[in-house]
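Secondary and tertiary structure notes
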Amino acid sequence: MGASGAGKSSLLGLLLGWHRPAEGQVRVDGAPLDGARLEALRRRTVWVDPAVYLWNRSLAANLAFGLATTPEGLVEVLRDADLDEVVRRLPGGAETPLGEAGGLLSGGEGQRVRFGRGLLRPEPALVLLDEPFRGLDREQRRQLLARARGRWPAATLLCVTHDIAETESFPRVLVIADGQVVEDGDPAVLRAEADSRYAALLDAERRVRTASWSGATWRRLRLAAGRIVEEPR
């Protein structure tokens, strides 16, 4: 975690081989990450990011993209990625072309397709989730992240997120600032430390939520007859 531009995605880019360190080495399982090792790791890497491209092919083909054949378990993946409703809406179901860059989908639906593509990958060693559920509501993000962690218990999973509170359930947190890892450890330990950046981020998120949703000047809205109307103050 860290502020926008701190270097979170750049860290993942080192593991994907897009960037090379100006000094030092990137090591995976004790060996330098280069050449054949990088190619082998990519074959066992799941990467979910809004930048992952969606093709003007069917939903099923987009989910299986990069695999030699469509594996078993597609129905389960549609369920786990919350894509059942999308399949029902598309005129040809899972065989409907999604349009260029997934133009028939909303931003949140596209993210769920990217996540579903990752779910179909067999036994990854490395899972990189970079704001994987952008465009979805908080509860849906929480549920999908829990499914991701349950799906890949044996993989090394790195998740870039601005949902600070969700990181408290992880065994390890990295706080990045100005291209540096400035804190690294158990979130419970970091939270208890004096002058902890992690604790400051947690507190700031909680204050924002409290002020936004319970402030006296926030207009209360309710859903009535299928439309949003303002309640009297």
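Keep in mind it's a predicted model, so treat the numbers as computed, not measured. Along each chain, residue indices are assigned from 1 in the same order as the chain's sequence is written. Two thresholds apply to this predicted model, a pLDDT of at least 70 for residue-level local features and 80 or more for giving and counting side-chain atom pairs, whereas whole-chain, interface and lining totals are computed over all residues. Only heavy atoms go into the side-chain values, all of them from the structure, while hydrogens and water stay out.

1. Looking at the layout of surface pockets
In plain terms, the rule: In this analysis a 1.4 Å probe is tested at points of a 1 Å grid over the protein atoms alone, and where it fits but cannot get out there is a cavity; an open set with protein on both sides within 12 Å along at least five of seven lines is a pocket; lining residues have an atom within 4 Å of a point. Grid points are joined across faces, edges and corners, and a volume is the space filled by probe spheres set on the points. A run of DSSP states H or I qualifies as a helix once it reaches four residues; a run of E qualifies as a strand once it reaches two. Both are numbered from the N-terminal end. For this classification, the nonpolar set comprises Ala, Val, Leu, Ile, Met, Phe, Trp, Tyr, Cys and Pro, the charged set comprises Asp, Glu, Lys and Arg, and every other residue, Gly included, is treated as polar.
Space inside the largest pocket adds up to approximately 800 Å³. If you go around the largest pocket, you meet 30 residues; those closest to its centre are Thr156, Leu157, Leu158, Cys159 and Leu174. Going through the elements one at a time, helix H1 (8-16), strand S1 (27-28), helix H2 (35-43), strand S5 (156-160) and strand S6 (173-177) are the ones with two or more residues in the lining of the largest pocket. Each residue belonging to the lining of the largest pocket can be placed in one class, and the counts come to 20 nonpolar, 3 polar and 7 charged. Counted as a void, the second largest pocket has a volume near 640 Å³. For the second largest pocket, the lining is made up of 22 residues, of which Arg42, Thr45, Val46, Trp47 and Arg121 are closest to its centre. Going through the elements one at a time, H2, strand S3 (45-48) and helix H6 (107-119) are the ones with two or more residues in the lining of the second largest pocket. In the lining of the second largest pocket, the residues fall into 12 nonpolar, 3 polar and 7 charged.

2. Re the sheet that holds strand S4 (residues 126-130)
Defined as follows: In short, DSSP must find at least two bridges between two strands for them to pair. Axis definition: a line fitted to C-alpha atoms, over the contacting stretch in the case of helices. Angles run 0 to 180 degrees between N-to-C directions.
Strand order in the open sheet formed by 3 strands is S3-S4-S5, with parallel pairing between adjacent strands. Strand pairing shows two members of the sheet lacking a second neighbour, S3 and S5, which therefore form its edges. For this sheet, the mean inter-axis angle between neighbouring strands, taken without regard to orientation, is 5 degrees. Of the pairings in the sheet, the one linking S4 to S5 comprises 5 bridges and is parallel in character. Looking at S5, one finds that Asp130 is bridged to Val160.

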